[in-house]
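Descriptive analysis of the structure
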Amino acid sequence: MQSHSLDVDVHIVLNDICFSAAHVDDLFPFFLRHAKQIFPVLECKDDLRKISDLRIPPNWYPEARAIQRKIIFHSGPTNSGKTYHAIQKYLSAKSGVYCGPLKLLAHEIFEKSNTAGVPCDLVTGEERVTVAPDGKQAAHVACTVEMCSVTTPYEVAVIDEIQMIRDPARGWAWTRALLGLCAEEVHLCGESAAIDLVTELMYTTGEEVEVRNYKRLTPISVLDHALESLDNLRPGDCVVCFSKNDIYSVSRQIEIRGLESAVIYGSLPPGTKLAQAKKFNDPNDPCKILVATDAIGMGLNLSIRRIIFYSLTKPSINEKGEREIEPITTSQALQIAGRAGRYSTQFKEGEVTTMNREDLSLLKEILNRPVDPVREAGLHPTAEQIEMFAYHLPDTTLSNLIDIFVDFSQVDGQYFVCNMDDFKFSAELIQHIPLSLRVRYVFCTAPINKKQPFVCSSLLQFARQYSRNEPLTFAWLRRYIKWPLLPPKNIKDLMDLEAVHDVLDLYLWLSYRFMDMFPDASLVRHLQKELDGIVQDGVHNITKLIKISETHKLLNLESLSAGSQSRLSETLKSQARRTRSTKRESKAAEPPSCSAGDRSLASRLVQQGLLTADMLKQLEKEWLTQQTEHGKERTESGTYSKGTRRKKKEPDSD
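Read on for a plain summary of the structure. Here the structure is a predicted model, which is why all the values come from computation and not from measurement.

Structural notes on the nonpolar core
Counting residues in each nonpolar core, the largest one holds 142 residues, and the members touching the most others are Phe443, Phe462 and Phe518. Counting residues per element, this core draws most heavily on helix α19 (residues 491-511), which supplies twelve residues. Apart from residues no more than four positions distant in its own chain, Phe518 is found in contact with Phe443, Phe462, Tyr466, Leu472, Tyr507, Leu510 and Ser511. Grouped together as the second largest cluster of nonpolar side chains are 27 residues, Ile264, Leu312, Ala340 and Val352 included.

Some words on the pattern of salt bridges
Under the defined criterion, the tally for this structure stands at 26 salt bridges. Two residues, Lys244 and Glu498, come together in a salt bridge whose shortest N-O distance is 3.1 Å. Here Glu498 lies in helix α19 and Lys244 lies in helix α9 (residues 244-256), a separation of 254 residues in the sequence. Among the residues examined, Lys244 registers a relative accessible area of 25% and is labelled partly exposed. Its relative accessible area of 1% is what places Glu498 among the buried residues. A cluster of three or more residues bridged by salt bridges with shared partners is formed by Asp7, Asp9 and Arg33.

Looking at the sheet that holds strand β13 (residues 306-309)
Sheet architecture is open: six strands sit in the order β9-β16-β13-β10-β12-β11, paired in parallel fashion. Here the strands that pair on one side only, and so sit at the sheet edges, are β9 (220-222) and β11 (261-264). Sheet twist, expressed as the average angle between the axes of neighbouring strands with direction ignored, equals 20°. One ladder, built from four bridges, connects strand β10 (residues 237-240) with strand β12 (residues 289-292); its direction is parallel. Within β12, the position partnered with Val239 by the bridge is Val291. With respect to the sheet, helix α10 (residues 270-281) is in contact with β10, β11 and β12, its orientation differing from that of β11 by roughly 150°.

Notes on the layout of surface pockets
Taken as a whole, the second largest pocket encloses approximately 1,100 Å³ of empty space. Taken together, 48 residues form the lining of the second largest pocket, with Thr78, Asn79, Ser80, Lys82 and Arg342 sitting closest to its centre. Of all elements in the fold, only α5 (82-92), α6 (103-115), β9 and α11 (330-337) reach the threshold of two or more residues within the lining of the second largest pocket. Residue composition of the lining of the second largest pocket, grouped by class: 19 nonpolar, 20 polar and nine charged.

A closer look at the packing of helix α17 (residues 453-467) against helix α18 (residues 474-481)
Direction vectors running N to C along α17 and α18 enclose 145°, while the axes themselves pass 13 Å from each other. Between α17 and α18 lies a crossing whose hand is right-handed. Contacts from Phe454, Ser457, Ser458, Gln461, Phe462 and Gln465 in α17 reach Trp476, Leu477, Tyr480 and Ile481 in α18. Among the residues making up the contact of α17 with α18, the classes are represented as six nonpolar, four polar and no charged.

Regarding helix α13 (residues 383-392)
Of the residues making up α13, those classed as buried are Ala383, Gln385, Ile386, Phe389 and Ala390. All buried residues of α13 lie within an arc of 160° about the axis, which places them on one face of the element. Where α13 is buried, its residues meet α3 (45-51), α14 (398-408) and α16 (437-445).

A closer look at unusual backbone geometry
Cis geometry marks the peptide bond from Trp483 to Pro484, where omega comes out at 5°. Positive phi is not limited to glycine here, since Glu228 has a value of about 70°. For Glu228, the location among the structural elements is in the loop between β9 and β10. For Glu228, a relative accessible area of 43% translates into the label partly exposed.

Remarks on the pairing of β12
Residue alternation in β12 divides its side chains into two sets, Ile289 and Val291 and Leu290 and Ala292, and both sets are buried. One ladder, built from four bridges, connects β11 with β12; its direction is parallel. For Val263, the partnering residue across the bridge sits in β12 and is Val291. With α10 bridging β11 and its parallel neighbour β12, the resulting β-α-β unit is right-handed.

What about the packing of aromatic side chains?
Overall, the coordinates contain 14 aromatic pairs when judged by the stated rule. Both rings, one in Phe443 and one in Tyr466, keep their centres 5.7 Å apart while their planes meet at 75°; by these two values the pair is edge-to-face. Of the two residues, Phe443 is situated in helix α16 and Tyr466 in helix α17; the sequence distance between them amounts to 23 residues. Accessibility expressed as a relative area gives 0% for Phe443, which makes it buried. Taken together, the aromatic side chains of Phe454, Phe462, Trp476, Tyr480, Tyr507 and Phe518 make up a single cluster linked through ring pairs. The lysine or arginine in question, Arg128, covers the ring of Tyr512, its NZ or CZ lying 4.2 Å from the ring centre. Over the ring of Trp509 we find Arg513; its NZ or CZ atom is 3.7 Å from the centre of that ring.

Focus: the side chain of Ser399
By secondary structure assignment, the location of Ser399 is in helix α14. Look past the residues within four positions of Ser399 in its chain and what remains in contact with it is Lys424, Ala427 and Glu428.

Quick notes on the sheet that holds strand β2 (residues 96-100)
With respect to topology, eight strands assemble into an open sheet ordered β4-β3-β5-β2-β6-β7-β1-β8, the strand pairing being mixed. Bordering the open sheet on either side are β4 (128-129) and β8 (209-213), each of which pairs with just one other strand. Summarising the sheet, strand β3 (residues 120-123) and strand β5 (residues 140-144) pair through four bridges and their orientation is parallel. Bridge pairing in β5 links Cys120 to His140. Lying on the sheet, α5 is in contact with β1 (70-75), β2, β3, β5, β6 (153-159) and β7 (182-190); it crosses β7 at an angle near 160°. In this fold helix α8 (residues 195-205) packs onto β1, β7 and β8, with an angle of close to 160° to the strand it touches most, β8.

Cut-offs used in this document
Residues numbered from 1 in each chain as written. Predicted model: local features only at pLDDT ≥ 70, side-chain atom pairs only at ≥ 80, totals over all residues. Heavy atoms only, no water. Core = buried A, V, L, I, M, F, W, Y, C linked by side-chain atoms within 4.5 Å. Buried < 20%, exposed > 50% of the residue type's maximum accessible area, 1.4 Å probe, protein only. Helix = DSSP H or I, 4+ residues; strand = E, 2+ residues; numbered from the N terminus. Contact = heavy atoms within 4.5 Å. Salt bridge = Lys/Arg side-chain N within 4 Å of Asp/Glu carboxyl O. Pairing = 2+ DSSP bridges. Axes fitted to C-alpha atoms, helices over the stretch in contact; angles between N-to-C directions. 1 Å grid on protein atoms, 1.4 Å probe; cavity = no way out; pocket = protein on both sides within 12 Å on 5 of 7 lines; lining within 4 Å. Points joined across faces, edges and corners; volume = space filled by probe spheres on them. Nonpolar A, V, L, I, M, F, W, Y, C, P; charged D, E, K, R; others polar. Left-handed = near helix turned anticlockwise from the far one by under 90°. Arc of directions from axis to C-beta. Right-handed = clockwise from strand over helix to strand, strands pointing away. Phe/Tyr/Trp six-rings, centres within 6.5 Å; stacked < 30°, edge-to-face > 60°. Lys NZ or Arg CZ within 6 Å of the ring centre and 35° of its normal.

In structure tokens:
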């Protein structure tokens, strides 16, 4: 009652309540008015609920609803010929679109189609290839599923790996393709676990689903014994690991045994993966062993006799975006195991086992379980929906807009809203940069690996340049990535090169959305091919890089941070310059292991077998002893320069 900041009407109501002339409930309208000022969502919640209504998604695609489509589901395990039959239909049609989960698969169909005399274009997030000399679009197109057009009419559409409609992050792209493609025939390829959901979804569109079942073309068996030792490896074996550290460890152990191995993992550039696959498949190449992650599960044709699971646990991201380590699913195990003994390879029968004896019973249990049925299809808010949200909530950040959208969204029972943590990560990363909402949205949908600091900082730098209206030219990009880049000398260098490749991918992805600001796509693509070659050479010599990295660990380099390791040679050179300029120590006292050149000499000697790890340790001890003795001599006799410096420091030391 003493407050002077209260509105008159609130003051009157409070006075009435004190004298029992009003009820405390009479304060509610004033509370609501205050709440709407603090939480603007309350003012327009009905409008927001309408905008975020994701029910009845088939109605979002009027062009597809205007025709009666024929849906054919090709169901079967890996190596059953299901995709082959769908592609034959695609090739024989007057027009068609292939939608795959990977760039590698889109490339494969693009090449297969053109080789068969069917002109076909390629469309991925980072690349557009038109086969017609005049630039006219071909009647057939092979694309990644996110890039398919839902307004172009086709005779036949093929959607590969349809079970990925349940993917927590990318499922929305399969939902969009399934509901939205304007094709007379839509051929779906995938696991039988998705049949029921697809049938339910097509029921809501009034379309029937024809199911064609396929059986595996070649037999595959789970062995009754584990490998137990890498000494038991045979030509045609593939050791499947679920971490890069295991990849490095296994390939190094194989090399110690005098065998040569190819290496394939997810973050390698596509060209490097294909080169490693070609090396492994070549019967005339001495490389007969493959070490790989589950990246071999899709997109690569490999001549594998036996799959060996190095472990059965894999890091994964759950629906809440949390990291978990748990046993691989039946679907994942079947996808990987199915790579053994594929039809049209030299091995007509496949075998599967584990590295460790205790894992074998678990593998058999996993493979014998029924595959969990696909129960829900992913959805994703569009740029238009987010713009409408922003109209009602103009002062809200994009990341918060996404949170509010997900909170308000309503979906039917067969759908879920995809995990948008990566989108929000990018939104928060570039939040302070002044960009229009539509441009900000596009930057946030750019596919980046948020585990790679250099890729994340590059997205930030690209957005900053864009906001200044400064085109990102080829010359600018070369300076930014410090081109030309040297071949990798160790594993850290190789990982840095992979990150640079991802940054070039990011540039190319943005160049198709903002052509005026990212004008040099063709030059960057050529640069990326050069980089791919450097990475290929690095992976070809990966065991040497691992060996050198181990040597660096012996030199106590493991205590350095990742960032300092990447700038190691630069730092050492600058330290050497400072040492010379200040004359803090005489040349005789400079340790041989403190210069980049000497370190590489040690690495070369170990690599050539002239030094062993034990010898290197012994040399270190001897050098430290010598350094101590030299230090004593200098203390006793001294040099002119050091004597002078010592005299100057004496008052301080006293």
